[in-house]
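Architecture and fold: a report
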Amino acid sequence: MPEASLLDFSVFNPRRLDEALSLLAEEENVVPLAGGTDLMVTLETGNLSPCRFLNLMGIAEFQEPFSWCDGKLRMSPLCSYRDTRIDKDVATRYPLLVRAAREVGVLAIQSRGTWAGNIVNASPAADGVPVLMVYDAEVELRSTSGTRTVPLCDFYRGYKEMDRASDELVTGIILPPPPEDRIEYFRKVAPRRLQAITKVLLTGYLLRSDDRIEDCRIVLGSVAPFTLRARETESILRGSVLDSETIKAARAALQGEISPIDDIRSTAMYRRNVAERLLDEFLLSASPESH
Amino acid sequence: MNTKETLEPVESEEAPPIIGENLPRPEGIRKVCGTALYADDLKFDSCLFGRTVRSPAPRGRVRHIAFGEGIPWDEFVIVLPDDIPGENAVTLIEKSQPFLATSVRHIGEPVALIAHHDRALLNKALKAITVEIDEEPAIFSIEEALEGKEIQYGRDNIFKEYRITRGKLEEAFSEADHVLEGVYETGAQEQLYIEPQGVIARADPKGEVTIWGSIQCPFYVQKALAPLFALSPEKVRVIQTETGGGFGGKEEYPNLLSGHAALLSYRAGGAVVRMIYDRREDLFVTPKRHPSRTRIKSAFRKDGTFLGLEVDFVLDGGAYPTLSSTVLSRGILHSFGPYRIPHADLRARVVFTNSTPYGAFRGFGAPQSIFALELHLDRVAHELGLDPAELRRRNFVKKGDTFPTGQVIKEEIDLALLMDTALKKADYARKRKAYEEENRKNPRVKRGISLSVFFHGSGFTGSGEVMLGSKAAVRLLKDGSVEVLSANVEFGQGTNAMFTQITAAILGIPPEWVRIHQPDTAVVPNSGPTVASRTTMIVGRLVERAARRLRERVLEEGGLSQGYTGEEFRETAKRLAAREEFREEAQYVPPPDVHWDEQRYQGEAYSGYSWSCDVADVEVDMTTFQAEVKHFVSVVECGTVVNPIIAAGQIEGGIAQSIGYALYEDVHTERGVMVNNQYTNYIIPTTADIPSIEVSFIRFPLCNYGPFAAKGIGELPADGPAPAVAAAVAHALGYRYINKIPLLPERIAAVVLEEEETAA
Ligand SMILES: Cc1cc2nc3c(=O)[nH]c(=O)nc-3n(C[C@H](O)[C@H](O)[C@H](O)COP(=O)(O)OP(=O)(O)OC[C@H]3O[C@@H](n4cnc5c(N)ncnc54)[C@H](O)[C@@H]3O)c2cc1C
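Residues numbered from 1 in each chain as written. Chains lettered and ligands numbered in written order. Predicted model: local features only at pLDDT ≥ 70, side-chain atom pairs only at ≥ 80, totals over all residues. Heavy atoms only, no water.

**Some words on the packing of helix α15 (residues 535-558) of chain B against helix α16 (residues 566-579) of chain B**
All names here are of chain B. Rules: Only the stretch in contact is used when fitting a helix axis, every axis being a line fitted to C-alpha atoms; angles between N-to-C directions are given from 0 to 180 degrees. Helix and strand assignments follow DSSP, with helices taken as H or I runs no shorter than four residues and strands as E runs no shorter than two, numbered in order from the N terminus. When an angle is under 35 degrees it counts as roughly parallel; over 145 it counts as roughly antiparallel; between 65 and 115 it counts as roughly perpendicular; any other value is oblique. Contacts: residue pairs with any heavy atoms within 4.5 Å of one another. Under the convention adopted here, Pro, Cys and the residues Ala, Val, Leu, Ile, Met, Phe, Trp and Tyr are nonpolar, Asp, Glu, Lys and Arg are charged, and Gly plus all remaining residues are polar.
Taken N-terminus to C-terminus, the directions of α15 and α16 make an angle of 85°; their axes are 10 Å apart at the nearest point. If you check the angle between α15 and α16, you find them roughly perpendicular. Contacts between α15 and α16 pair Val554, Glu557 and Gly558 from the former with Phe569, Thr572, Arg575, Leu576 and Arg579 from the latter. Of the residues that constitute the contact of α15 with α16, the class distribution is three nonpolar, two polar and three charged.

**A few points about the interface of chain B and chain A**
Worth spelling out the cut-off: Throughout, buried area stands for the accessible area (probe radius 1.4 Å) lost by two parts on being put together, summed over both. Here, a salt bridge means any Lys or Arg side-chain nitrogen found within 4 Å of an Asp or Glu carboxyl oxygen. Two N or O atoms form a polar contact when they lie within 3.5 Å of each other; inside protein one atom must be a possible hydrogen donor and the other a possible acceptor, and for residues adjacent in sequence the pair counts only when both atoms belong to side chains.
Between chain B and chain A, the residue contacts involve 38 residues of the former and 30 residues of the latter. Summed over both partners, the interface of chain B with chain A buries about 2,700 Å², with 55% contributed by carbon and sulfur atoms. Summed over the shared surface of chain B and chain A, the number is seven salt bridges. Among the salt bridges present, the one from Arg277(A) reaches Glu756(B), with a minimum N-O distance of 3.0 Å. Viewed at the interface, chain A and chain B are joined by 14 residue pairs in polar contact (both at pLDDT 80 or more). Of all the secondary structure elements, the ones that give two or more residues to the side of chain B that touches chain A are α2 (119-127), β24 (626-637) and α19 (745-759) of chain B. Of all the elements, α19(B) adds the most residues to the side of chain B that touches chain A, at six residues. Residues belonging to the side of chain B that touches chain A are distributed by class as follows: 17 nonpolar, nine polar and twelve charged.

**So, the side chain of Arg293(B)**
Residue and element names in this part refer to chain B. The line we're drawing: Categorising residues by exposure relies on relative accessible area from a 1.4 Å probe, with only protein chains included: less than 20% of the type maximum marks a residue as buried, more than 50% marks it as exposed, and the intermediate range marks it as partly exposed.
Mapped onto the secondary structure, Arg293 falls in strand β13 (residues 292-300). A relative accessible area of 10% places Arg293 in the buried class. There is a polar contact of 3.3 Å between the side chain of Arg293 and the side chain of Glu143. Not counting residues within four places of it along the chain, the set of residues in contact with Arg293 comprises Ile142, Glu143, Leu146, Val183, Tyr184, Glu185, Asp312, Phe313 and Val314.

**So, the nonpolar core**
All names here are of chain B. Test applied: Only buried Ala, Val, Leu, Ile, Met, Phe, Trp, Tyr and Cys residues count toward a nonpolar core, and they belong to the same one when joined by side-chain atoms within 4.5 Å.
Grouped together as the largest cluster of nonpolar side chains are 154 residues, with contacts concentrated most on Ile332, Trp611, Val615 and Ile748. Take this core: its biggest share by element is ten residues, from helix α9 (residues 366-384). When residues no more than four places from it in sequence are discounted, the contact partners of Val615 are Ala422, Leu423, Ala426, Tyr428, Ile449, Ser450, Leu451, His631, Phe632 and Val633. In terms of nonpolar packing, the next biggest core, distinct from the first, is built from 42 residues, Val484, Ala547, Tyr564 and Tyr705 among them.

**Observations regarding helix α10 (residues 244-257) of chain A**
Given 3.6 residues per helical turn, the α-helix brings residues three or four places apart onto the same face. Residue and element names in this part refer to chain A. Under the convention used in this document: In this scheme, a helix's expected span is set at 1.5 Å multiplied by one less than its residue total. Each C-beta atom gives one direction from the helix axis, and the arc is the one those directions make.
The end-to-end C-alpha distance of α10, which contains 14 residues, comes to 20 Å, matching closely the 20 Å that a straight helix rising 1.5 Å per residue would cover. Every buried residue of α10 is accounted for by Thr246, Ile247, Ala250, Ala253, Leu254 and Glu257. Down the axis of α10, the buried side of the element spans an arc of 125°, and every buried residue falls inside it. For α10, exposure combined with an orientation more than 90 degrees from the buried face picks out Ser244, Glu245, Lys248, Ala252 and Gly256.

**Topic: unusual backbone geometry**
Of note, the bond from Ile741(B) into Pro742(B) is cis; its omega dihedral lies within 30 degrees of zero at 5°. Structurally, Pro742(B) can be placed in the loop between β28 (740-741) and α19. One non-glycine residue, Gln195(A), lies in positive phi territory at about 50°. Tracing the sequence through the fold places Gln195(A) in the loop between β11 (183-189) and β12 (200-209). Here the phi dihedral of Ala709(B) falls at roughly 65°; this positive angle occurs in a residue that is not glycine. On the secondary structure map, Ala709(B) appears in the loop between β27 (692-697) and α18 (721-732).

**Considering the packing of aromatic side chains**
Note the threshold: Whether two aromatic rings pair depends on their centres lying within 6.5 Å, for rings of Phe, Tyr and Trp, where Trp uses its six-membered ring; planes under 30 degrees apart make the pair stacked, over 60 edge-to-face, and the rest tilted. Whether a charge sits over a ring depends on NZ of Lys or CZ of Arg being within 6 Å of the ring centre and within 35 degrees of the ring normal.
In this structure the tally under the stated criterion is 28 aromatic pairs over all chains. Taking 5.4 Å as the distance between ring centres and 55° as the angle between the ring planes, the aromatic pair formed by Phe229(B) and Tyr266(B) counts as tilted. Of this pair, Phe229(B) sits in the loop between α5 (218-228) and β11 (236-240) while Tyr266(B) is found in helix α6 (residues 253-267), placing the two residues 37 residues apart along the sequence. Ring geometry for Tyr609(B) versus Trp611(B): centroids 5.9 Å apart, planes at 35°, classification tilted. Judged by its relative accessible area of 5%, Tyr609(B) is buried. Taken together, the ring pairs connect Phe336(B), Phe403(B), Phe455(B), Tyr606(B), Tyr609(B) and Trp611(B) into an aromatic cluster. Just above the ring of Trp68(A) sits the side chain of Arg93(A); from NZ or CZ to the centre is 4.3 Å.

**Brief notes about the confidence of the model for chain B**
To keep things clear, this is the line we draw: Confidence scores per residue from the predictor, reported as pLDDT, run from 0 to 100.
Residues of chain B with pLDDT of at least 70 account for 99%, and the chain-wide mean is 96. At the level of chain-chain contacts, confidence expressed as ipTM amounts to 0.95, with global pTM at 0.97.

**Observations concerning the pattern of salt bridges**
Enumeration over the complete set of coordinates arrives at 81 salt bridges over all chains. Arg393(B) is paired through a salt bridge with Glu390(B); the nearest N and O atoms lie 3.2 Å apart. Here the residue Arg393(B) and the residue Glu390(B) both occupy positions in helix α10 (residues 388-393), the gap between them amounting to three residues, near one helical turn. On the accessibility criterion, Arg393(B) (29% relative accessible area) is partly exposed. When salt bridges that share partners are traced, they join Arg187(A), Arg251(A), Glu276(A), Asp280(A), Glu281(A), Arg444(B) and Asp621(B) into one network.

Below you can see the structure in the form of structure tokens.
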């Protein structure tokens, strides 16, 4: 059977959430479409099977990018990187969102691409997912049969496998307030400054009282089948004194957790080495001596 | 026409003021406003879209082409090799690849063509076709080709070989205090013009073929298509449409693509057929810069005197001869640099492999051989304990010196001045010292600075221009304006502005009254291809001479007197143009003292050279092993600069492209074809990665054969940046030389980590 061509695609344009949810529940082969910055690429390369798009752009309930409730930030599924870059409150409370948003594609993509799309696209090289994980984001999923939330850290199960049923829409991303006085880190390593797919990414925060690490988050991109929260490394760090011994142990733990591969964009060897060097750079920058 | 005419060198400093002015590009407004018509913008009442059925295997016989189910094949136009009316081979320098192969030599080779008016259905149909090949063993590297595995061309897989010798190399080595050997490699590079390859064809079965397309060399297409349809060349009309970049990539490939579109049209009874590649197909099948491997052995005295040079320069040509022999020639003729070398033995070979044929790309073989030599000299300087600039200074050629080709330098050149100007602008001496100190203290970031000095010959190599015998013309139009007729295309490099300025300067009229005729083989004379940095120096001179003749006739026949005003010229021109076709032509005549011995590869390889020095200032991040260029200085000597902004733009763009060559651009091949054939995965630097580039021009005392003593610059900036960047990276890394570009972070990491490991 020949592969799909543009003739095999069509679009639904729901105006309300319940309409969208029923279409998703009742029709076959429906694929949610937000900014389309991932889907259109897959379509163009001929790797998308025939389907019917569910265009989320017109849904009334999704139009406001942000809302605040009990000190938590709620991002709409249409919230774009640009929305994040231009919102002062968000930038002050969650600076890593802005750091990541600035390095996604280039301005045109940042205006169109959404955080929710980045989550569901589930690329191991995603740049939005890691910082959301650092902030303990929860994903709100809704279908005609109800609503549930899943911590983003537990959302992925394997390469492009996630805890989402085909009739569920992501209807929000919820971020609790992060701890005060944390030291943050973000570094995307890509083949050029903009318009580039990540080879290795490390982001996180560290909360220190004197020289002891109270808490931390370490999240990596492009070194595992999905965005990796480095829990082993975190647990080595948590409660330890931030010194060269600890850093050495953390680097070793990280090596045990990551499983980078050789592909068209880089090598496993490079990713392994650079991931460890980024961790080192982060921990040194958070050390008492550098403050 | 006066055939005994001789060409005089231009020595005068005096040029009319419009030469050297920043005339805006005549085509600029329509490009910026989007009204310029590129091939895909042309509208026809009805047309078919064409696509190519390609080989999935690198070598073997086509056993069967299966047209799968679910497609209304009777609605399609299909062309198989047997349907070709004339000769099934692309005529270029020699007969090159077949238009449609029955025996394939590389993956992606065209084996059949299909067309339909519904593009979506066409694309679906293409995927329903299976090509079955009886596969044979293939080879994919220079090494395999030289080992003589699977001989597929001649006796030894070598397409072409050249040898240049001078003096006695053994003497140099026995006299030398210092001998150094090195092997240098460069990867393929993709031109990445913004507008992909595309043509539109109408081939009337009555025997007339018309091509509209994005092409650099309209007469090449004509020459290739005439035998394909067994027609005389005048029956093939080729019209260049606005062309969105070429960089050499549209020199030869349009021959094949035009043939394909025309074959489909012919088979469809003369219907218009469009073949416009998308980016993936373009990157997958079109020719790229030849990968190279150069072995160098040098002999020096302790004091840095260059005694001898041995070069073994090898290019991977891919599966067909295409333009490889001339790329190789330019490569070897630039392999010795602007240095006095008493003894030299230079050998060049281009080999066959089952890769997509490699082709023309800005620089045309010179960037590869210059990379090897210039990086090698940096190593020599380091080993001799000399500054790399100092080593060069001690060996620069001067007027009266001789190149290994026997060519004597007749221009009053001062390369030390050229280099010193660049070093000063780059603050080289201070930075070189300061960086070495900083690097000792800073483990996270290492900085380096280094240079290259090089030349590029303008025009076709050797007797090439004589063989071309190009012609250009100028004529009066009825409204009193003047039109330039040439086959040289504007594809971003400034041809239109340059021709306009030259014509206006000679005729003494405002530039607005000069028109440039779109290259169309039915109207313009054959002024040769738009390649080889020849348009300004060679064709510009033809335009200048034609304009002078036109001026003389206008004075004579129109009764104008010297010192006329522009307005007077225009009125006279109107009168004269109303009477009859008023047109003057000029044909190439070689400079009197230029001779070339094709057998011995000795003589005046080029009638003019442009000279340049590049200084690259780089930073290597030791956390990520990423090298970045932080500042770049280029000083250029190209005689008279006709249009400074356009010229500087050419240099800047070339440098950006070459920084890509040095650090970013990696054509990733599997079984001879590019597999990262997408913008996403073929990484060129964007403006965010390109540093400030400082370009300036200096002038040696003028004496050359270009119009108003102008020489070519199109390719020059493709030559020097890569070795300057690689040498600067080596400087940053504490003289750890990596002799292979691109210097991807992965490559730098491998070298640094290996050393860390052995140290530990
Ligand atoms: C030129 C270019 C550059 C890029 N650069 C980067 C980069 O630097 N970093 C990076 O991480 N990404 C990059 N991307 C990828 C892409 O922009 C991001 O992943 C973006 O966040 C996707 O969002 P979207 O809204 O466009 O997703 P879409 O393409 O609309 O959807 C992506 C996937 O998510 C699903 N989906 C979307 N919304 C929902 C929802 N509410 N509920 C359920 N499923 C949903 C879709 O069905 C689809 O499977 C780039 C893309 C392009 C074209």
